[in-house]
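A closer look at the structure
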Amino acid sequence: AFPVVGVDPDAPLKQEARFGVERPGDRPEECGLGHCGVDVVAARGTPVVAVEDAVVVRIVRDPLRRSGRYVRLRHDDGRFTSYMHLDDINDDIAVGVELEAGSPVGTLGRTGIRDSVPHLHFALEEVDQDGNLRFIDPTLELEDAYRSQRFRRRSGS
């Protein structure tokens, strides 16, 4: 599933929202110049859904944190996705809850954001050969998901 319901297909492709574009502060090396995800711009309150079957592993409901309200999911293939800057998180979301692909997570918003339009910061992480979590660019998988409405692991990622 694509993480934002009914979004413009070009939303995740805007240059300033791409993985690896410049962001201030100390960032992981794999994130290029700093942005460790893709920003999907849509109207505040737009539904956000799980991209694949998953288990909820973290929830932050504090709107003032840098990432705002967010949910982190662990998927069957060992990868993690994070859904940040949510205005609301669904009441039935709790650590340990199992979600199916397309299950509601919350609504797109601007919590934790100072100078940006409402958007979902979507991040994808996988475990490398040394057992460390690393951010990876989710752009191609998001494009595939938008076209097919399925989020699939791309070979070689």
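For clarity, every value in this text was computed on a predicted model and none was experimentally measured.

Counted under the stated rule, the structure contains one aromatic pair. Relative to Phe122, the ring of Tyr83 has its centre 5.5 Å away and its plane inclined at 75 degrees; by these criteria the two rings are edge-to-face. With a gap of 39 residues between them, Tyr83 in strand β5 (residues 80-89) and Phe122 in strand β8 (residues 119-127) connect regions that are remote in the sequence. Phe122 shares its class with Tyr83; the two are buried. Arg72 extends its terminal NZ or CZ atom over the ring of Phe80, reaching a point 4.2 Å from the ring centre.

A separate point is the environment of His35. Of note, His35 is situated in the segment before β1 (38-41). In this structure, the C-alpha to C-alpha distance between His35 and Phe19, residues 16 residues apart in sequence, is 5.3 Å. Not counting chain neighbours up to four residues away, the residues in contact with His35 comprise Ala17, Arg18, Phe19, Gly20, Val21, Arg23 and His121.

Burial in helix α1 (residues 139-148) covers these residues: Thr139, Glu141, Leu142, Asp144 and Ala145. On the buried face of α1, the contacting elements are β1 and β8.

The subject of this paragraph is the nonpolar core. One finds Val4, Val71, Leu73, Tyr83, Leu86 and Leu120 to be the most contacted residues of the largest nonpolar core, which totals 27 residues. Looking at this core, the elements with two or more residues in it are β1, β3 (54-60), β4 (69-75), β5, β7 (104-108), β8 and α1. Here the element with the most residues in this core is β5; it accounts for three residues.

Walk down a regular strand and you will see the side chains alternate between the two sheet faces. Relative to strand β9 (residues 133-136), β8 runs antiparallel, the two being bridged by four bridges. Counted as the bridge partner of Val127 is Leu133 from β9. Where β8 folds back on β9, the antiparallel hairpin that results is connected by five residues, among which Gly131 adopts a positive phi of roughly 85 degrees.

What counts as what
- One numbering rule holds for all chains: residues counted from 1, following each sequence as written.
- Given that this is a predicted model, residues contribute local features only at a pLDDT of at least 70 and side-chain atom pairs are listed and counted only at 80 or more, while totals for whole chains, interfaces and linings are drawn from all residues.
- Note that water and hydrogens are dropped before the side-chain values are worked out from all heavy atoms of the structure.
- Each pair of aromatic rings taken from Phe, Tyr and Trp, with Trp reduced to its six-membered ring, is defined by centres within 6.5 Å and is described as stacked if the planes are under 30 degrees apart, edge-to-face if over 60, and tilted in the remaining cases.
- In this description a helix means any DSSP run of H or I spanning at least four residues, a strand means any run of E spanning at least two, and both kinds are numbered starting from the N terminus.
- Burial here depends on accessible area, computed with a 1.4 Å probe over protein chains only, as a share of the maximum for the residue type. Under 20% is buried, over 50% is exposed, and the range in between is partly exposed.
- Either the NZ atom of lysine or the CZ atom of arginine qualifies as a charge over a ring when it sits within 6 Å of the ring centre and within 35 degrees of the ring normal.
- Residues count as neighbours in contact if any of their non-hydrogen atoms are within 4.5 Å of one another.
- Working definition of a nonpolar core: buried Ala, Val, Leu, Ile, Met, Phe, Trp, Tyr and Cys residues. They are joined through side-chain atoms within 4.5 Å.
- Pairing between strands is defined by DSSP: at least two bridges between them are needed.

These results come straight from atomic positions and should not be treated as a statement about function.
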